[in-house]
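# Breakdown of the fold
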Amino acid sequence: MATPLSASQLLRVLRDEGLKVVEHRSWRTHNRNHKGPWGPVHGVMIHHTVTSGTQNSVNLCYDGYASLPGPLCHGVIAKDGSVHLVGNGRANHAGLGDDEVLRAVIDERAPLPADNEANTDGNRHFYGFECVNLGNGSDPWPAAQLEAVERAAAALCRAHDWSDRSVIGHKEWQPGKTDPRGFTMDAMRGRIRQRLGGQPGGPAGPPAPKPPVSYEPFPGAAFFAPGRRSPVITAMGRRLVAEGCGRYEVGPGPEWSEADRRSYAAWQRKLGYTGADADGTPGRASWDRLKVPNV
Ligand SMILES: [Zn+2]
């Protein structure tokens, strides 16, 4: 049995999961609790809006319409991946669905049974996210939006200690429903399962391998002449500062200067060079040891 999150908890877990969350009007106290119970909660339901445009969709989900007053969900997930909170409490999103499906969700059993009955109040037991999409099969689902679906569902699973099997589509709950259309819930559950294996707010998928670090080759002593401008000189200066050899009043900057020469001389002395070998004009050996990153 899971007690619904408070508005502040809901906001926090979504933000902790790395989502950009927008609070719409009086979402914290906007609900249908006067029409029926809210909770215990057992899962998360994903929908598509059959609308386009973020603000238009958010307004509609907040207000609802004459025959179906809002809120029509808890959060609207826009195509840019932002999540707009429109309700906290009982919301008109799930309608009547199949009691056997609810039982499977509670038990976190897969595969889900067919949703062939409309005998159970879903608005009581499910958080709902409406995703902005026309639902016509051709309106695209941007990667940012799918990632936000994944993160939002994962945030609630984490908060309630649920697995990805607590996340279902409206079409898996209520006979006749087709949403969400454009991706499979099995694939989305797979993404959520993978995310739940990591930390809140973690990166999408496995971390990208680090590119190999490479360094600027020695450009030759003649390169370091008065008037020379190059991002290589700025990068060199930054490395000299990092090595504690910076002798800059301003900068480092791209133009080879007396301050660069003094700084480089300090680096040469740090390496043990003396005399003419520490005159501040870069040489190959000291340059290679400075490890100036590629610009
Ligand atoms: Zn729906």
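Description of the structure in this document. Note that the coordinates shown come from a computational prediction; the quantities given were computed from them, not determined experimentally. (Residues numbered from 1 in each chain as written. Predicted model: local features only at pLDDT ≥ 70, side-chain atom pairs only at ≥ 80, totals over all residues. Heavy atoms only, no water.)

## Describing the nonpolar core
- Core analysis: the largest hydrophobic core is formed by 36 residues, its most contacted members being L14, V44, I46 and F129.
- Secondary structure elements with two or more residues in this core: α1 (7–16), β2 (43–48), β6 (83–85), β9 (126–131), α4 (143–160) and α5 (185–196).
- Tallying contributions element by element places α4 first for this core, with nine residues.
- Judged by nonpolar contacts, the second largest core, of 19 residues, contains F218, V232, A266 and V292. (Core = buried A, V, L, I, M, F, W, Y, C linked by side-chain atoms within 4.5 Å. Buried < 20%, exposed > 50% of the residue type's maximum accessible area, 1.4 Å probe, protein only. Helix = DSSP H or I, 4+ residues; strand = E, 2+ residues; numbered from the N terminus.)

## Notes on the environment of W162
- Along the chain, W162 falls in the loop between α4 and β10 (167–169).
- Its relative accessible area of 13% is what places W162 among the buried residues.
- Separated by 22 residues in the primary sequence, W162 and P140 have C-alpha atoms spaced 29 Å apart.
- Ignoring sequence-local partners within four residues, the contact set of W162 consists of A2, V41, H42, G43, V44, E108, Y127, L156, C157 and L196. (Contact = heavy atoms within 4.5 Å.)

## Let's talk about the layout of surface pockets
- The calculated volume of the largest pocket comes to roughly 380 Å³.
- Surrounding the largest pocket, 21 residues form its lining, Y65, L68, E130, H170 and K177 being those nearest its centre.
- Those elements that place two or more of their residues in the lining of the largest pocket are β2 and α2 (54–63).
- When the residues that make up the lining of the largest pocket are grouped by side-chain class, the tally is seven nonpolar, 11 polar and three charged.
- Quantified by volume, the second largest pocket comes out at close to 210 Å³.
- For the second largest pocket, the full set of lining residues is R109, A110, P111, L112, D164, R165, E172, D186, R189, G190 and R193.
- Counted by class, the lining of the second largest pocket contains three nonpolar, one polar and seven charged residues. (1 Å grid on protein atoms, 1.4 Å probe; cavity = no way out; pocket = protein on both sides within 12 Å on 5 of 7 lines; lining within 4 Å. Points joined across faces, edges and corners; volume = space filled by probe spheres on them. Nonpolar A, V, L, I, M, F, W, Y, C, P; charged D, E, K, R; others polar.)

## Observations concerning the packing of α4 against α5
- Interaxial distance between α4 and α5 falls to 9 Å at its minimum, and their mutual angle equals 55 degrees. It follows from the interaxial angle that α4 and α5 lie oblique. Once α4 is placed against α5, the crossing between them reads as right-handed. Contacts between α4 and α5 involve L146, E147, V149, E150, R151, A153, A154, C157 and R158 on the former and, on the latter, M188, R191, I192, R195 and L196.
- Of the residues contributing to the contact of α4 with α5, the split by class is eight nonpolar, no polar and six charged. (Axes fitted to C-alpha atoms, helices over the stretch in contact; angles between N-to-C directions. Parallel < 35°, antiparallel > 145°, perpendicular 65-115°, else oblique. Left-handed = near helix turned anticlockwise from the far one by under 90°.)

## Quick look at the pattern of salt bridges
- Summed over the entire model, instances satisfying the criterion amount to 17 salt bridges.
- With a shortest N-O distance of 2.7 Å, E243 and R239 are connected by a salt bridge.
- Taken together, the shared-partner salt bridges connect R103, D107 and R109 into one network. (Salt bridge = Lys/Arg side-chain N within 4 Å of Asp/Glu carboxyl O.)

## Let's talk about the pairing of β2
- With respect to burial, β2 is a largely interior element, six of its six residues being buried.
- Of the two faces of β2, the one carrying G43, M45 and H47 and the one carrying V44, I46 and H48 are both buried.
- Where β2 lies against β9, six bridges are found, and the strand directions are parallel. Each bridged residue has a counterpart across the sheet, and for H47 the counterpart in β9 is E130. (Pairing = 2+ DSSP bridges.)

## So, the packing of α1 against α4
- Where α1 meets α4, the axes come as close as 8 Å, and the angle between the chain directions of the two elements is 120 degrees. Taken together, the axis directions place α1 and α4 in an arrangement best described as oblique. Note on packing geometry: the crossing formed by α1 with α4 is right-handed. Note on element contacts: α4 touches α1 through A152, A155, L156 and A159, opposite L10, V13 and L14.

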